[in-house]
Amino acid sequence: MDNEKFDLGDVRVEEIHLPNGKNNIYGKVYYPSLEGKHPAIIISHGFNGTNKTFERECIHYAKNGYVACGYDFCGGSIQGNSIGASTDMTISTEKSDLMTVFNYISSLDEVDENNIVLIGESMGGMVTALVAKEIPQRVKSVVLYYPALCIPDDWRERFPKLEDVPKEFDFWGLMLGKGYIEDIHDMQIFEAIEGYPGKVLIMHGDMDEVVDFEYSEKAASIYQNCELVKMVGQKHGFTLEAGLEAMDRVLKFANSSCI
């Protein structure tokens, strides 16, 4: 998924490299053609994904007046361009990455820091929900694509005792370290995300084989202002047609939530 596959039009794209401790975050920022301050959208990819997953969306949002940013979590993918070991990656390090990107985007002259929307896919959705809870006054609204809120439950079921977790292990093609499990082993996810006051849009396929739809139903019930969209016939990851539908729905949602 290279830039030349999509029509950039008047969208300007800049690569970013942001230091975060011993790591370095790689990303791309997409700017609208019009001058002045704009609302912003920050998109966080899922497990073993990269910023390229949402390249089409970033271009689309920039064409429609948003400063859009996609980035790679440090150690979050075998194909990512950020610097960091996957065996050091945890939900907490990914939260720190998102906060670093958020602070950078909010500091840009072209960005209205009062109108920043966070989008997260799968594990990136869980990270997004956690960050929004921690800085609720700075996040205008939240979009979650099939958020992997099942992660703490799944790993507790696999490793009821932390002493049984190996130092390093392969999971879906990505080497993880014991710290990944230690970081979320005792987390009660719905308590951790509950309380965010802004508007939330959740889109989740009813045939998701990775994250049960019930997790999004539970999340929708605890958020103060949430719309849950059941994507009929969709699995974990949308088809092209459903993805385009979701992209347009997100734009309408963002337009309705940003002042």
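Further up the page is the structure itself.
Draft legend 1. Structural detail: the overall build of the chain. Of the regular secondary structure elements, the chain holds 8 helices and 10 strands. Computed over the C-alpha atoms, the radius of gyration of the chain is 17 Å, within 12% of the 18 Å expected from 2.2 N^0.38 for a compact globule of 259 residues. Along the first, second and third principal axes, the C-alpha set of the chain runs to 55 × 40 × 35 Å. When the 259 residues of the chain are sorted by exposure, 54% land in the buried category. Looking at charge distribution, the chain has the averaged site of its 23 positive side-chain charges lying 1 Å from that of its 41 negative ones.

Draft legend 2. Highlighting the pattern of salt bridges. Considering all chains together, one arrives at 8 salt bridges under this definition. As a salt-bridge pair, Lys63 and Asp7 come within 3.7 Å of each other at their nearest N and O atoms. Here the residue Lys63 occupies a position in helix α1 (residues 55-63), and Asp7 occupies one in the segment before β1 (12-20), the gap between them amounting to 56 residues. Here Glu110 and Arg12 are joined by a salt bridge, their closest N and O atoms 3.8 Å apart. Here Glu110 is found in the loop between α2 (91-107) and β5 (111-121), whereas its partner Arg12 is found in strand β1, with 98 residues between them in sequence. Judged by relative accessible area, Glu110 falls into the partly exposed class, the value being 26%. Judged by relative accessible area, which is 35%, Arg12 ranks as partly exposed. Through salt bridges with shared partners, a single network forms among Arg12, Glu14 and Glu110.

Draft legend 3. A look at the layout of surface pockets. Reported here for the largest pocket is a volume of approximately 350 Å³. For the largest pocket, the lining is made up of 19 residues, of which Ile151, Asp154, Phe171, Trp172 and Val210 are closest to its centre. Across the lining of the largest pocket, the residue classes tally to 12 nonpolar, 4 polar and 3 charged. Here the second largest pocket is characterised by a volume of approximately 230 Å³. Along its surface, the second largest pocket is lined by 13 residues, and Thr53, Phe54, Glu57, Phe238 and Gly243 are the ones closest to its centre. For the lining of the second largest pocket, the secondary-structure elements that each account for two or more residues are α1 and α8 (240-257). A class-by-class count of the residues in the lining of the second largest pocket yields 7 nonpolar, 3 polar and 3 charged.

Draft legend 4. Inspection of the side chain of Ser77 at higher detail. Mapped onto the fold, Ser77 is located in the loop between β4 (67-71) and α2. One polar contact links the side chain of Ser77 to the main-chain carbonyl oxygen of Asn48, over a distance of 3.4 Å. Looking at Ser77, its side chain comes within polar contact range of the main-chain nitrogen of Gly80, at 3.4 Å. Residues in contact with Ser77, not counting those within four places in the same chain, are Asn48, Gly49, Thr50 and Leu174.

Draft legend 5. Structural context of the pairing of strand β2 (residues 23-31). Within β2, 7 of the 9 residues are buried, which leaves the element mostly enclosed by the surrounding structure. Where β1 lies against β2, 9 bridges are found, and the strand directions are antiparallel. The residue bridging Pro19 from the neighbouring strand is Asn24, located in β2. Hairpin remark: β1 followed by β2, antiparallel, with 2 residues in the connecting loop; positive phi at Gly21, about 65°. When β2 meets β4, the two strands line up antiparallel, connected through 4 bridges. Bridge pairing in β4 links Val29 to Cys69.

Draft legend 6. Fine view of the packing of aromatic side chains. Following the criterion strictly, the structure yields 14 aromatic pairs and no others. Between Trp155 and Phe171, the ring centres sit 4.9 Å apart and the planes meet at 65°, which makes this aromatic pair edge-to-face. Here Phe171 lies in strand β7 (residues 168-171) and Trp155 lies in helix α4 (residues 151-158), a separation of 16 residues in the sequence. Judged by its relative accessible area of 18%, Phe171 falls in the buried class. One aromatic cluster is present, built from ring pairs that chain together Phe47, Trp155, Phe159, Phe169, Phe171, Trp172 and Tyr180. The residue whose ring lies beneath Lys218 is Phe190, and the NZ or CZ to ring-centre distance is 5.9 Å.

Draft legend 7. Main features of unusual backbone geometry. The phi torsion at Tyr146 lies on the positive side, around 30°, for a residue other than glycine. With respect to the secondary-structure elements, Tyr146 resides in the loop between β6 (141-145) and α4. Under the relative-accessibility criterion, Tyr146 is labelled buried at 4%. A positive phi angle, near 50°, is found at Trp172, a position not held by glycine.

What counts and how
Per-chain numbering applies: the sequence of each chain, read as written, is numbered from 1 onward. Side-chain atom pairs in this predicted model are given and counted only at pLDDT of 80 or more, local residue features only at pLDDT of at least 70, and totals for whole chains, interfaces and linings cover all residues. As a rule here, side-chain values cover all heavy atoms of the structure and leave hydrogens and water aside. To qualify as a helix, a DSSP run of H or I must reach at least 4 residues; to qualify as a strand, a run of E must reach at least 2; elements of each kind are numbered from the N terminus. C-alpha atoms define the radius of gyration in this analysis, and the globule rule sets the expected value at 2.2 Å times the number of residues to the power 0.38. Buried means the residue's accessible area, taken with a 1.4 Å probe over protein chains only, is under 20% of the maximum for its type, while exposed means over 50%, and partly exposed covers the values in between. Positive: Lys, Arg. Negative: Asp, Glu. His and the chain ends are not part of the count. Lysine's charge is taken at NZ, arginine's at CZ, aspartate's at CG and glutamate's at CD. What makes a salt bridge here is a side-chain nitrogen of Lys or Arg within 4 Å of a carboxyl oxygen of Asp or Glu, nothing more. Cavities and pockets were defined on a 1 Å grid built from protein atoms only: a cavity is a group of points that admits a 1.4 Å probe but offers it no way out, a pocket is an open group of points flanked by protein on both sides within 12 Å along at least five of seven lines, and a lining residue is one with an atom within 4 Å of any such point. Grid points are joined across faces, edges and corners, and a volume is the space filled by probe spheres set on the points. Under the scheme applied, nonpolar residues are Ala, Val, Leu, Ile, Met, Phe, Trp, Tyr, Cys and Pro; charged residues are Asp, Glu, Lys and Arg; polar residues are all the others, including Gly. For the purposes of these results, a polar contact is taken to be a pair of N or O atoms within 3.5 Å, where, inside protein, one atom must be able to donate a hydrogen and its partner to accept one; residues adjacent in sequence count only when each atom of the pair is a side-chain atom. Only heavy atoms matter for contacts: two residues are in contact if any of them lie within 4.5 Å across the pair. Each pair of strands is called paired provided DSSP finds at least two bridges between the two strands. Centres within 6.5 Å are what make two rings of Phe, Tyr or Trp a pair, Trp counting through its six-membered ring; a difference in plane orientation under 30 degrees is then read as stacked, over 60 as edge-to-face, and the rest as tilted. Two thresholds decide whether a charge sits over a ring: the Lys NZ or Arg CZ must be within 6 Å of the ring centre and within 35 degrees of the ring normal.

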